[in-house]
Structures are given as C-alpha cells and as structure tokens.
Amino acid sequence: MRCSLFLPHAIVKQTDDPLFLCPWDAWRFRVAYSLLRALCVLSALCVSYFRMLFSREMHADIQFMQEALAEARAAAAAGEVPIGAVLIHNDAILSRSGNRTIRDCDPTAHAEITVLREAARLLGNYRLAETTLYVTIEPCSMCAGAIIQARVPRLVYGADDPKGGAVRSCFEILSNPCLNHQVEITSGVLAADCAAILQSFFAERR
Ligand SMILES: [Zn+2]
C-alpha cells in the first residue's frame, strides 16, 4: 500500500510524483482525498447549522420568558401570587396572563389556565397544536392536566416548585407513560429571576 487517506496535504503532493505513485493510484488517491475534504466541510456546515438553530431557540425561550416575567410582576402589583405565563403560536404571543385567583375569585385562575382558555377562544379550538407555553414556575397538577387536555406540544418553565410542581418536583404528570400525549419540556429558563419574584413576594408578607 503506497498511499493512505490520512496523509497530510504536503505528503499528498509528494506522492503525486510519478516516481512514487503510479497514475492509477494517484487518481484514486486524489478522489479519496477530495471526498474526505468535502466530508469535512459538510460536517462543519451541519454543526454550524444545528448550533444556529439551537441558539435561536434558546434566544426565543429567554425572550418569551421575559414576557412571562412581566406578567408575574403585574400579578404581584395586583396582589396576586406572582406567576406569569404566555402562550406562543406562529412565533408570536397569542395570550398572556398572570395569576388571577384573587381578582376573579376563582381557585382555577392560575396563569397557565387563563392563557390556555384565552388561546382556545382565539383559535376557536380546544386543542392547542403548534403552541408553546411559557410559565415562570413549574406548573401544578391542575395546570399540568390542562396542558395535556389542550395537547400543548411544548412547555418551557423557569423555576422548580418543590411544594407542588407536577412536572418533576412533586409529581411527574407530563411524563407519565400511560398518557398518549407527551409534552416536550424545557426547564430552568431564567430560573433565578422567576424564583426571586416569588421569594420577595412572600418575604414581604411575612
Ligand atoms: Zn397551576
């Protein structure tokens, strides 16, 4: 064997010399070397493309979580437990709300339930396909149930709720294998900010 696919470029030039390589070997070597280089370029392009997609999604997650945080702050200003949510459809906010349990005198008026109801009304459909729900705190069991009923494909939340979270902290409702509908979950987006609003709200009331 007089040539190798892994020879550096300088050696390839050397082995192109007819004194070292017969024409047939040289031709095969050039083809193999060109294919290898094309493969390397293609791999680099693929890595760049997926990195770009990932960073774009991460940027969108942060942007929409900031909108949910704005709803949480507005809820705090209204004397509600500061949890906010937004529902995204076609890359835009379809509905947004903070907790409204006290204002509406409604124990089910969590931010998530409120945005799901509004989105279903706007879309004229109780199934919310192709949407993403952003919420500042890990949803409770009621809201996790509503997410499944609405067939929301993706959930992004900020901080875990060790006292009632139904995604992974207290219950794992969304990932229960008995369910047909599985939700893609991203957690921990702006988690420190989301938790801080809640902590300072309760600290002020002690
Ligand atoms: Zn809830």
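A short tour of the structure in this document, coming up. (Residues numbered from 1 in each chain as written. Predicted model: local features only at pLDDT ≥ 70, side-chain atom pairs only at ≥ 80, totals over all residues.)

## Concerning the environment of Leu69
Logical step 1: Note on placement: Leu69 falls in helix H2 (residues 23–77).
Logical step 2: Spatially, the C-alpha atom of Leu69 lies 9.1 Å from that of Leu190, the residues being 121 residues apart in sequence. (Helix = DSSP H or I, 4+ residues; strand = E, 2+ residues; numbered from the N terminus.)

## Quick look at the sheet that holds strand S3 (residues 131–137)
Logical step 1: Reading across the sheet, the 5 strands line up as S2-S1-S3-S4-S5 and stay open at both edges, with mixed pairing between neighbours. If you trace the sheet from one side to the other, it starts and ends with strand S2 (92–98) and strand S5 (184–187), each paired once. Here the strands of the sheet are splayed against their neighbours by 15° on average, with no regard to which way each runs.
Logical step 2: Bridging between strand S1 (residues 84–89) and S2 involves 6 bridges; their strand directions are antiparallel. Residue pairing for S2: Leu87 is matched across the bridge by Ser95.
Logical step 3: Together, S1, S2 and S3 form the strand contacts of helix H3 (residues 111–123), whose direction differs from that of S2 by roughly 140°.
Logical step 4: Running over the sheet, helix H5 (residues 191–204) touches S3 and strand S4 (154–159) and is turned about 60° from S4. (Pairing = 2+ DSSP bridges. Axes fitted to C-alpha atoms, helices over the stretch in contact; angles between N-to-C directions. Contact = placed C-beta atoms within 7 Å.)

## Some details on H3
Logical step 1: Its 13 residues give H3 an end-to-end C-alpha distance of 18 Å, which sits within 8% of 18 Å, the value for a rise of 1.5 Å per residue.
Logical step 2: Of the positions making up H3, those classed as buried are Ala111, Glu112, Ile113, Thr114, Val115, Leu116 and Ala119.
Logical step 3: Gly124 occupies a position one or two residues after H3 and carries a positive phi of about 65°. (Expected span 1.5 Å × (residues − 1). Buried ≥ 20, exposed ≤ 12 C-beta atoms within 10 Å, placed from the backbone.)

## Overview of unusual backbone geometry
Logical step 1: Located in the positive-phi region is Asp91, a residue other than glycine, with phi close to 65°.
Logical step 2: Turning to its location among the elements, Asp91 is positioned in the loop between S1 and S2.

## Focus: the pairing of S4
Logical step 1: For S4, the buried fraction is high: 5 of the 6 residues fall into the buried class.
Logical step 2: With 5 bridges joining them, S3 and S4 adopt parallel strand pairing. Bridge pairing in S4 places Tyr134 opposite Val156.
Logical step 3: Crossover connection from S3 via helix H4 (residues 141–149) to parallel S4: handedness right-handed.
Logical step 4: When S4 meets S5, the two strands line up parallel, connected through 4 bridges. Residue pairing across strands places Arg154 opposite Glu184, the latter belonging to S5. (Right-handed = clockwise from strand over helix to strand, strands pointing away.)

## Side note on the nonpolar core
Logical step 1: Membership of the largest hydrophobic core comes to 40 residues, with the highest contact counts inside it found for Ala68, Tyr134 and Val135.
Logical step 2: Of all the secondary-structure elements, those providing two or more residues to this core are H2, S1, H3, S3, H4, S4 and H5.
Logical step 3: Of the residues forming this core, the biggest block, 7 residues, is contributed by H2.
Logical step 4: Once residues lying within four places of it in the same chain are set aside, the contact partners of Ala68 are Gly84, Ala85, Val86, Tyr134, Val135 and Thr136. (Core = buried A, V, L, I, M, F, W, Y, C linked by C-beta atoms within 7 Å.)

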